[in-house]
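Coordinate inspection notes
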Amino acid sequence: MERRAFVRGSLIALVSTPLIQAAPALAQRRDPPLRADWAPTGPLTGREPTDPSALTDEERSHAPRLTLPHRVRSGRPFDLVVQIGAPPHECTDAHRIDWIEMALDERRVMTADISVDVPFPILRVPIVLRTNATLVARAHCTQHGVWMTRRAIELAV
């Protein structure tokens, strides 16, 4: 009985004390800064390596690398992995990947803002296709601008 009274008294004390207090910083919250070189309806352009077999060191470390299954079936989900650079682009405060964007046939599917706390920009997204499509992945480096990779995906029969 004593234990029940103690627990009941503890719960009443817990409920009566305010757990969440309004922080003054929340009242002064601002909208996040706009992404550099990004527009929600703008063209899907960027620096794209011309010859994937002969990449320079700068292209190798900044161009988005797409990993997806060999066979993509209509209506079945698959995981698309977007890795910026091979090996992955190392991010520091001064030189990092700011955002990653993916589009299917000129229709934006996802845009991810990358925090300073992310050491390697690797993104995994589940996708379902119903028709053949062109996948575009873009990434913005704070020092080297926007980089892009484009790949046509044909569905398996």
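An account of the accompanying structure is given in this report. The structure presented is a predicted model; accordingly, all values stated were derived computationally and were not measured. (Residues numbered from 1 in each chain as written. Predicted model: local features only at pLDDT ≥ 70, side-chain atom pairs only at ≥ 80, totals over all residues. Heavy atoms only, no water.)

Observations concerning the nonpolar core
Formed by 26 residues in total, the largest nonpolar core has its most connected members in L80, V82, I97, I100, M102, I127 and L129. Considering each element in turn, this core owes the most residues, five residues, to strand β6 (residues 133-141). (Core = buried A, V, L, I, M, F, W, Y, C linked by side-chain atoms within 4.5 Å. Buried < 20%, exposed > 50% of the residue type's maximum accessible area, 1.4 Å probe, protein only. Helix = DSSP H or I, 4+ residues; strand = E, 2+ residues; numbered from the N terminus.)

Things to note about the sheet that holds strand β7 (residues 145-153)
Pairing is antiparallel across the open sheet formed by four strands, whose spatial order is β4-β3-β6-β7. Both outer strands of the open sheet, β4 (107-113) and β7, are each paired with one neighbouring strand and no more. Going across the sheet, the axis of each strand differs from the next one's by a mean of 15°, ignoring polarity. Sheet analysis places strand β3 (residues 97-104) next to β6, joined by seven bridges and oriented antiparallel. Each bridged residue has a counterpart across the sheet, and for A103 the counterpart in β6 is V136. (Pairing = 2+ DSSP bridges. Axes fitted to C-alpha atoms, helices over the stretch in contact; angles between N-to-C directions.)

Considerations on the sheet that holds strand β5 (residues 122-128)
The strand order across the open sheet formed by three strands is β1-β2-β5, and the pairing between neighbours is antiparallel. Two strands in the sheet have a free side with no partner beyond their single neighbour: β1 (64-67) and β5. The sheet shows a mean angle of 25° between the axes of neighbouring strands, direction not considered. The pairing of β1 with strand β2 (residues 77-84) spans four bridges and is antiparallel. Across the sheet, T67 pairs through a bridge with V81, a residue of β2.

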